[in-house]
Amino acid sequence: MTASSAALAAISGLGFGLSLIVAIGAQNAFVLRQGLRGQHVLAVVTVCAVSDVVLIAAGIGGFGIVVTSVPAVVEIARYGGAVFLAGYGVLAARRALSNDALAAAATGASVALGATVATCLALTWLNPHVYLDTVVLLGSFASTYATPDRWFLGVGAMLGSIIWFTALGYGARLLGPLFARPAAWRVLDSVIALVMCGLALGLVLTG
């Protein structure tokens, strides 16, 4: 292992990791919403980043092989995740259709820290896509590198997650003037509802 190969592995990990998480999904939609409301942003960003670090380490360490070798685990996670995502999608749809919910969102009514963290953990750990992307795909990609370099690749991917969730959570406030209008929250929650329900349907229809 040389310094240049380690650096290249870390850069590859950073790019590959960002390519997996920079997309509209359950976790990102939740982080964006919390960032826009300015509520428990540090806790949400920390939960997402730490969870990704753990999952990336598991993927680099070869846990992806265990996951794919036990089909029952994948199936349970698939259907359990589908139920949770569908339920969250329904809640988002109800917020979009409720004038009271829109007013609460616009004025910044707070949700308890514990409930927020619990929701964030569920959206992260009950979503099978997280395991497939972070553990299986990243783990498979890392397996093409020599043992020392693959961990530098993992560090790059971890850094990408930390940068992304921090930017998404704290950068969302730049959209504050747009979301000062209740109608903007209706659009956001409608999009979140479609994304969540679409992901849930995808989990049920695809193996």
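Residues numbered from 1 in each chain as written. Predicted model: local features only at pLDDT ≥ 70, side-chain atom pairs only at ≥ 80, totals over all residues. Heavy atoms only, no water.

### Digging into the overall build of the protein
Stage number 1. A count of helices and strands for the protein gives 10 helices and zero strands.
Stage number 2. The helix and strand sequence of the protein, counted from the amino end, reads α-α-α-α-α-α-α-α-α-α.
Stage number 3. The buried share of the protein, reckoned over its 207 residues, is 39%.
Stage number 4. By sequence separation, contacts in the protein at least 24 residues apart represent 88% of the contacts at least 6 residues apart.
Stage number 5. Per element, the accessible surface of the protein, about 10,000 Å² overall, is 76% carbon and sulfur. (Helix = DSSP H or I, 4+ residues; strand = E, 2+ residues; numbered from the N terminus. Buried < 20%, exposed > 50% of the residue type's maximum accessible area, 1.4 Å probe, protein only. Contact = heavy atoms within 4.5 Å. Areas by Shrake-Rupley, 256 points an atom, 1.4 Å probe, with all protein chains shown as cover.)

### Observations regarding the nonpolar core
Stage number 1. L85, L123, I192 and M196 are the most contacted members of the largest nonpolar core, which totals 26 residues.
Stage number 2. Within the residue set of this core, elements represented by two or more residues are α2 (26-37), α3 (41-60), α5 (71-97), α7 (113-125), α9 (147-171) and α10 (182-205).
Stage number 3. If one sorts the elements of this core by residue count, α10 sits on top with seven residues.
Stage number 4. Every residue in contact with M196, bar those within four places of it in the chain, is listed here: A26, A29, L85, Y88, G89 and L123.
Stage number 5. Formed by eight residues, the second largest nonpolar core is a distinct cluster that contains A9, I60, A142 and L153. (Core = buried A, V, L, I, M, F, W, Y, C linked by side-chain atoms within 4.5 Å.)

### Overview of α10
Stage number 1. For α10, spanning 24 residues, the distance from its first C-alpha to its last is 35 Å, which sits close to the expected 34 Å at 1.5 Å a residue.
Stage number 2. Buried within α10 we find A184, W185, L188, D189, I192, A193, V195, M196, A200 and L203. (Expected span 1.5 Å × (residues − 1).)

### Overview of the side chain of D52
Stage number 1. Checked against the element boundaries, D52 lands in helix α3.
Stage number 2. No salt bridge is formed by the buried D52; its nearest oppositely charged neighbour, R150, is found at 19 Å.
Stage number 3. Among all residues touching D52, those that are not within four sequence positions of it are I21, T134, S161 and F165. (Lys, Arg positive; Asp, Glu negative; His and termini not counted. Salt bridge = Lys/Arg side-chain N within 4 Å of Asp/Glu carboxyl O.)

### Here we look at unusual backbone geometry
Stage number 1. Even without being glycine, H40 reaches a positive phi, approximately 55°.
Stage number 2. Summarising the element assignment, H40 is placed in the loop between α2 and α3.
Stage number 3. Look at H40 and you get partly exposed, because its relative accessible area is 24%.

### Examining the state of the cysteines
Stage number 1. This structure, assessed with the given rule, holds zero disulfides.
Stage number 2. Looking at C120, it has no disulfide partner, and the nearest cysteine sulfur is the one in C48, 3.5 Å off. (Disulfide = S-S within 2.5 Å.)

### With respect to the packing of α2 against α3
Helix-helix packing is characterised by the crossing angle of the two axes and by the distance between the axes.
Stage number 1. Axis separation between α2 and α3 bottoms out at 9 Å; the angle between their running directions is 160°. In terms of axis orientation, α2 runs roughly antiparallel to α3. Crossing of α2 over α3 shows left-handed handedness. Listed contacts from α3 to Q27, F30, V31, Q34 and G35 of α2 are V41, V44 and C48.
Stage number 2. The residue makeup of the contact of α2 with α3, split by class, is five nonpolar, three polar and no charged. (Axes fitted to C-alpha atoms, helices over the stretch in contact; angles between N-to-C directions. Parallel < 35°, antiparallel > 145°, perpendicular 65-115°, else oblique. Left-handed = near helix turned anticlockwise from the far one by under 90°. Nonpolar A, V, L, I, M, F, W, Y, C, P; charged D, E, K, R; others polar.)

### Re the environment of L36
Stage number 1. Checked against the element boundaries, L36 lands in helix α2.
Stage number 2. For L36, a relative accessible area of 12% corresponds to the buried category.
Stage number 3. On a C-alpha basis, the gap between L36 and A172 in space is 5.2 Å, while along the polypeptide they are 136 residues apart.

### A few points about α9
Along an α-helix, residues three or four positions apart point the same way, because every turn accommodates 3.6 residues.
Stage number 1. Taking 1.5 Å per residue, 25 residues should reach 36 Å; α9 reaches 36 Å between its end C-alpha atoms and fits that length.
Stage number 2. In this structure, the buried residues of α9 make contact with α1 (3-21), α2, α3 and α8 (128-142).

### A look at the side chain of N28
Stage number 1. Within the secondary structure, N28 is located in helix α2.
Stage number 2. At 2.6 Å, the side chain of N28 and the backbone oxygen of I21 are in polar contact. (Polar contact = N/O pair within 3.5 Å; in protein donor to acceptor, adjacent residues only side chain to side chain.)

### Considerations on the confidence of the model for the protein
Stage number 1. When pLDDT is averaged along the protein, the result is 80, and 84% of the positions lie at 70 or above.
Stage number 2. At the low end of the mean pLDDT range in the protein sits helix α6 (residues 99-107), at 48; at the high end sits α3, at 93. (pLDDT = per-residue confidence, 0-100.)

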